[in-house]
Amino acid sequence: MNIISRRKLMTTGLLAAAGATGLGVAAKLAGRYGLIPPDAGVLYGAGETLTYAAQRLLTRHSMAQEFSRSQISKNPFANGIDALGPEFQRLQAGGFAEWRLAVDGMVARPALLPLAVIKSFPRSTQITMIACEEGWSYIAEWSGVPLAHVLNLVGALPQARYVVYRSFQPDWWESIDMADALHPQTLLATGMNGGELPVPFGGPLRLRVPRQLGYKNVKYITRLTLTDNLKGFGKGLGSSSPEGGYAWYAGI
Amino acid sequence: MYHDRGSEDFQGSSGHVFAISGQTAEWHSNIIMHCQLPVQKRRAMGTLTQTTDAVRPRHPALVRVTHWLTTLSFLALLVTGVEILISHPRFYWGETGNVNTPTLFKIPIPSSRGTVPTGYGYVLPDQNGWSRYLHFEAAWVAVLTGLLYVGFGFFQGHFRRNLLPAPSDLSPKQLANGIGRRLRFTRPTEEEAWSYNLIQRLTYLLVIFVLFPLVIWTGLAMSPAIASVFPAAVTILGGRQSARTLHLFVSIFLVLFLLVHVFMVCLAGFRNRVGAMITGRLGQSRERA
């Protein structure tokens, strides 16, 4: 072994050690500041953490683009929905008067909110795009109460880090971090394009998270649970999406 | 593969040697002299200065490492990109588009989603989950590798020395000559193996400074979170659906580059050139696989 290759070997070794240490420190810091997504695994953990951490730092004060009234899609697509069953039909027939939203977990005052009460809260309206991971999209005017208003009302505890939200469809549940939950554009939507939110689009109650893809915008919301740890929900990956192979964070 | 054919087909037009731009010519000829010696003989020469000269690689180590990292990530991006495309093989222009709106064009393939009208009576298996995880992870590898390579390229003078064509080479005559040689599939000469020819330089610059930045930009423009931070990056492209359509076109150009690139490597001597990109050493260019 000559001098050159020995020097090269040492440099390479040192660089590799520095790189590994750097990665270790970065992972530790990411963990400390809550920048590791709950579905970070062996294969895709690095990519998901980089995306989530980078976008959390970038999007701290960002607002989803709002469009003009003329840009609202004439023919929005609701996507396919599974049959909602007789119980849903019964509620629908009653004008969803019996629809309740449960709010529990890390809150000072757990609540069971009838739809009429939710609709009486201060409303916010936005013309934003919803984009599906498949590639298609549409723009609509959404109206509803900011999720932050409801979280303040029930007294979200400071240690809460995520909001888990569940649907009338039991196999579709999601969660978002507090950055998205408290974001002014995150709505519990009850209206669309000036009317009631149609059932195919998630009526009577849909969570709108405009800075993330369509599948985080769960339809038929029935329950919000605040937590500091997602391990206890489902398989502990944060939502039903990673259980079906899809990323938990969908800001892409 | 061409290796089975005789080299006679190519020798006819190898008459003209390509001009190597001014400052690079000197050290090229220097290296060529050393490197044409058999490896054993070079090792036997022993003294430090001679060793330093003789082991100067065809491609610097950083170029070799970033080349293969980019190769791996590009192949991952390509396979997963095709999988993601299959879930909605319809393309639009503007901000929005879905199955209820007219398309710019459709790709006549079946889809992995039953909600897309394709005219086929069946639905392909849905591979979007892992494809999306891998697509974005591979994109990180490609971007970080690209940043390292571009930093090195500027800092070490790799772009200036090896990729930027000499102004005198950019005459229409030289360009026509270069394109003619490529179209006649002329094999490179021994000297040319130590440098990039004019068409190669221009193509690599196009890929590095136009196509790769464009494919990253159009990709990021599809992210709702990124769009919330840099809305202009989406509107300049004509909207999110335009960004998606452009992402496809730029990817097609990158795939075309890959095909031509691999073909040219085969033409120049697959083992020899791939070997040079792995070990840094350029063997005898007429060596048979």
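1. Overview of the overall build of chain B
Moving on, step 1. A count of helices and strands for chain B gives 12 helices and 2 strands.
Moving on, step 2. Starting at the N terminus and ending at the C terminus, chain B contains elements arranged as α-α-α-α-α-β-β-α-α-α-α-α-α-α.
Moving on, step 3. Relative to its 289 residues, chain B shows a buried fraction of 29%.
Moving on, step 4. In chain B, once contacts between residues fewer than 6 apart in sequence are set aside, the share between residues at least 24 apart is 64%.

2. Remarks on the overall build of chain A
Moving on, step 1. A count of helical and extended segments in chain A gives 7 helices and 10 strands.
Moving on, step 2. In terms of principal-axis extent, the alpha carbons of chain A reach across some 85 × 40 × 35 Å.
Moving on, step 3. The proportion of buried residues among the 252 residues of chain A is 42%.
Moving on, step 4. Here the contacts in chain A between residues at least 6 apart in sequence split such that 65% fall between residues at least 24 apart.

3. Thoughts on the interface of chain B and chain A
Moving on, step 1. Taken together, the 36 residues of chain B in the interface contact 41 residues of chain A.
Moving on, step 2. Mapped onto the side of chain B that touches chain A, the elements with two or more residues apiece are α4 (48–54), α6 (128–155), α10 (224–229) and α12 (240–279) of chain B.
Moving on, step 3. The element that contributes the greatest number of residues to the side of chain B that touches chain A is α6 of chain B, accounting for 9 residues.
Moving on, step 4. Split into classes, the residues belonging to the side of chain B that touches chain A amount to 14 nonpolar, 16 polar and 6 charged.

4. A word on the packing of helix α5 (residues 61–86) of chain B against α12 of chain B
Residue and element names in this part refer to chain B.
Moving on, step 1. Closest axis-to-axis distance for the α5/α12 pair is 13 Å, and the angle between their directions is 140°. With respect to α12, the element α5 is oriented oblique. The way α5 lies across α12 gives a crossing that is left-handed. Two secondary-structure elements touch here, α5 through Arg64, His67, Leu78 and Gly81 and α12 through Ser251, Val255, Met277 and Ile278.
Moving on, step 2. In terms of residue class, the contact of α5 with α12 is built from 4 nonpolar, 3 polar and 1 charged.

5. Focus on the domain arrangement of chain A
All names here are of chain A.
Moving on, step 1. Per the domain assignment, the segments of chain A are domain 1 (1–32) and domain 2 (33–243).
Moving on, step 2. On a C-alpha basis, the centroid separation for the pair domain 1 and domain 2 is 43 Å.
Moving on, step 3. The interface of domain 1 with domain 2 comprises 4 residues on the first partner and 5 residues on the second.
Moving on, step 4. A per-class count over the side of domain 1 that touches domain 2 returns 2 nonpolar, 1 polar and 1 charged.

6. Looking at the environment of Leu226 of chain A
Residue and element names in this part refer to chain A.
Moving on, step 1. Looking at the element boundaries, Leu226 is found in strand β10 (residues 221–227).
Moving on, step 2. For Leu226, a count of 24 C-beta atoms within 10 Å corresponds to the buried category.
Moving on, step 3. For the pair Leu226 and Tyr33, spaced 193 residues apart in sequence, the C-alpha separation works out to 18 Å.
Moving on, step 4. Among residues more than four places away in sequence, those in contact with Leu226 are Gly105, Met106, Val107, Ala156, Ala160 and Val163.

7. What to know about helix α5 (residues 147–154) of chain A
Residues and elements named next belong to chain A.
Moving on, step 1. Taken residue by residue, α5 has Leu147, Val150 and Leu151 as its buried positions. Axial view of α5: buried residues confined to an arc of 100°, hence all on one face.
Moving on, step 2. Tucked inside the fold, the buried residues of α5 contact β1 (100–105), β4 (137–146), α6 (178–181) and β7 (187–192).
Moving on, step 3. Of the residues flanking the end of α5, it is Gly155, one or two places downstream, whose phi is positive at about 75°.

8. Quick notes on the nonpolar core
Moving on, step 1. Within the largest apolar cluster, 74 residues are counted, with the highest numbers of intra-cluster contacts made by Leu101, Val163, Tyr165, Leu188, Leu205 and Ile221 of chain A together with Ala221 of chain B.
Moving on, step 2. No other element matches the 6 residues that α6 of chain B contributes to this core.
Moving on, step 3. With residues near it in sequence (within four places) discarded, Ala221 of chain B still touches Ala227, Ala233, Val234, Leu237, Arg240 and Ala243 of chain B.

9. Structural notes on the sheet that holds strand β5 (residues 162–167) of chain A
Residues and elements named next belong to chain A.
Moving on, step 1. If you trace the 5 strands from one edge of the open sheet to the other, you get β2-β1-β10-β5-β6, paired in mixed fashion. Two strands lie at the open edges of the sheet, namely β2 (111–114) and β6 (173–177), each paired on one side alone. The average undirected angle you get between the axes of adjacent strands in this sheet is 20°.
Moving on, step 2. Here β5 runs beside β6; their pairing, made up of 5 bridges, is antiparallel. Bridging across to β6, Tyr162 finds its partner in Asp177.

10. Details of the packing of helix α9 (residues 198–220) of chain B against α12 of chain B
Residues and elements named next belong to chain B.
Moving on, step 1. Where α9 contacts α12, the axes come no closer than 9 Å and their chain directions differ by 150°. The pairing of α9 with α12 is recorded here as roughly antiparallel in orientation. When the axes of α9 and α12 are compared, the crossing they make is left-handed. Two secondary-structure elements touch here, α9 through Thr203, Val207, Leu211, Leu214, Val215, Thr218 and Gly219 and α12 through Ala243, Leu246, His247, Val250, Ser251, Phe253, Leu254 and Phe257.
Moving on, step 2. Taken together, the residues of the contact of α9 with α12 sort by class into 10 nonpolar, 5 polar and no charged.

Each value, and the rule that gives it
Residues numbered from 1 in each chain as written. Chains lettered and ligands numbered in written order. Predicted model: local features only at pLDDT ≥ 70, side-chain atom pairs only at ≥ 80, totals over all residues. Helix = DSSP H or I, 4+ residues; strand = E, 2+ residues; numbered from the N terminus. Buried ≥ 20, exposed ≤ 12 C-beta atoms within 10 Å, placed from the backbone. Contact = placed C-beta atoms within 7 Å. Nonpolar A, V, L, I, M, F, W, Y, C, P; charged D, E, K, R; others polar. Axes fitted to C-alpha atoms, helices over the stretch in contact; angles between N-to-C directions. Parallel < 35°, antiparallel > 145°, perpendicular 65-115°, else oblique. Left-handed = near helix turned anticlockwise from the far one by under 90°. Domains from an automatic or database assignment. Arc of directions from axis to C-beta. Core = buried A, V, L, I, M, F, W, Y, C linked by C-beta atoms within 7 Å. Pairing = 2+ DSSP bridges.

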